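Per-entry structural report
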Amino acid sequence: MKTIIIFLFSLALWTGVEGQLKTTVKCADFNIDILGGTVNKDIIPNSTIGQIKLHLPCFTGSEGDSSKCGEGVFYKDKDVYFYTSRHYIEIGPHYKGTLSIPLFGAPRNSLFKLLGDPQVKDVNWDAFQTAYGILILYYNSASKVDKIQFSSENANTIRLCQ
C-alpha cells in the first residue's frame with residue numbers, strides 16, 4: 001500500500017514538473033514584397049486567419065467576425081495588421097522588418113519612378129494600381145510615407161477599417 005501511495009505521489013509531482021516547461025514561439029522576421037503583394041512570400045491579402053497563424057505564430061491579437069472590422073490577425077509589436085475578411089494588410093510607421101521598396105519616409109513627389117501615377121489621389125493618401133490589386137500610401141504633414149496598405153481588392157471594392 002505504501003508503494004502505491006509513493007508511486008501516485010511521484011506521478012502527480014512529475015506531471016506538475018512537465019507543465020512548467022514552455023517553449024518560446026519564435027516568429028520569422030517580416031519581409032514584405034510591395035510589388036508582389038506578399039509577406040514572407042507565403043501570406044497574401046486573401047490569406048485566411050489559419051494560414052497567417054501557421055506561418056507567423058507570434059501574433060499579439062486576433063479577431064473573429066464579430067469585431068467592427070471583421071476577422072483579422074494583428075502583430076502590434078511589429079506594427080503589421082492583417083484584415084482577413086476585408087482582404088488587406090496594413091503596415092504602420094513603426095514597422096521594423098524589410099520592405100522590397102523602402103517606402104517609409106519617401107517623399108510623395110519621388111514615388112512616380114517607382115510606382116507610376118496614382119489611380120486615386122487625396123490630400124493625405126495616394127492609391128496605386130498593382131498586379132495583385134491596390135497599394136495605398138498615406139502621408140504625414142511633411143508629405144512623406146508613414147503608413148502602407150495593400151489589398152487584393154481594387155479602388156472601387158476595397159473596404160478599409162477606420
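Residues numbered from 1 in each chain as written. Predicted model: local features only at pLDDT ≥ 70, side-chain atom pairs only at ≥ 80, totals over all residues. Heavy atoms only, no water.

**Considering the overall build of the protein chain**
Each helix and strand counted, the protein chain has 3 helices and 11 strands in total. Ordered by position from N to C terminus, the α and β elements of the protein chain give α-β-β-α-β-β-β-β-β-α-β-β-β-β. Relative to its full complement of 162 residues, the protein chain shows a buried share of 38%. Look at the contacts in the protein chain between residues 6 or more apart in sequence, and 41% of them connect residues 24 or more apart. Accessible area of the protein chain: about 9900 Å², with a carbon and sulfur share of 57%. (Helix = DSSP H or I, 4+ residues; strand = E, 2+ residues; numbered from the N terminus. Buried < 20%, exposed > 50% of the residue type's maximum accessible area, 1.4 Å probe, protein only. Contact = heavy atoms within 4.5 Å. Areas by Shrake-Rupley, 256 points an atom, 1.4 Å probe, with all protein chains shown as cover.)

**Structural notes on the state of the cysteines**
Throughout this description, disulfide means a covalent bond between two cysteine sulfur atoms. Overall, the coordinates contain 1 disulfide when judged by the stated rule. Shown here is the disulfide that connects Cys-69 with Cys-161, its sulfur atoms set 1.3 Å apart. Here Cys-161 lies in the segment after strand 11 (145-151) and Cys-69 lies in the loop between strand 3 (61-63) and strand 4 (72-75), a separation of 92 residues in the sequence. Taken individually, Cys-69 and Cys-161 each receive the classification buried, so the pair is uniform in this respect. (Disulfide = S-S within 2.5 Å.)

**Quick word on the sheet that holds strand 9 (residues 125-129)**
Spatial ordering of the open sheet is given by 3-4-5-6-11-10-9-8, a layout of 8 strands whose pairing is antiparallel. Bordering the open sheet on either side are strand 3 and strand 8 (120-121), each of which pairs with just one other strand. Two elements, strand 5 (residues 80-83) and strand 6 (residues 88-91), share 4 bridges in a ladder whose sense is antiparallel. By the bridge assignment for strand 6, Val-80 is matched with Ile-91. (Pairing = 2+ DSSP bridges.)

**Here we look at the sheet that holds strand 2 (residues 38-39)**
Read across the sheet, 3 strands follow the order 2-1-7 without closing on themselves; strand pairing throughout is mixed. Pairing within the sheet leaves two strands with one partner each, and these edge strands are strand 2 and strand 7 (98-99). Note: strand 1 (residues 31-33) against strand 2, 2 bridges, orientation antiparallel. Paired with Ile-32 across the bridge in strand 2 is Val-39.

**Digging into the side chain of Thr-84**
Looking at the secondary structure, you find Thr-84 in the loop between strand 5 and strand 6. For Thr-84, a relative accessible area of 7% gives the class buried. Every residue in contact with Thr-84, bar those within four places of it in the chain, is listed here: Ser-47, Thr-48, Ile-49, Ile-52, Glu-71 and Gly-72.

**Notes on unusual backbone geometry**
Of note, the phi angle at Lys-41 is positive, near 60°, even though the residue is not glycine. As for its position among the elements, Lys-41 is in the loop between strand 2 and helix 2 (49-55). With a phi close to 60°, Ser-143 is a non-glycine residue in the positive phi region. Its location among the elements puts Ser-143 in the loop between strand 10 (134-139) and strand 11. Here Ser-143 falls in the partly exposed class, since its relative accessible area comes to 35%.

**Digging into the environment of Tyr-75**
Following the sequence through the fold, Tyr-75 ends up in strand 4. Owing to a relative accessible area of 0%, Tyr-75 belongs among the buried residues under this scheme. Distance in space between the C-alpha atoms of Tyr-75 and Phe-59 is 5.0 Å, their sequence separation being 16 residues. Setting aside residues up to four positions removed in sequence, Tyr-75 forms contacts with Phe-30, Ile-52, Leu-56, Cys-58, Phe-59, Thr-60, Val-80 and Phe-82.

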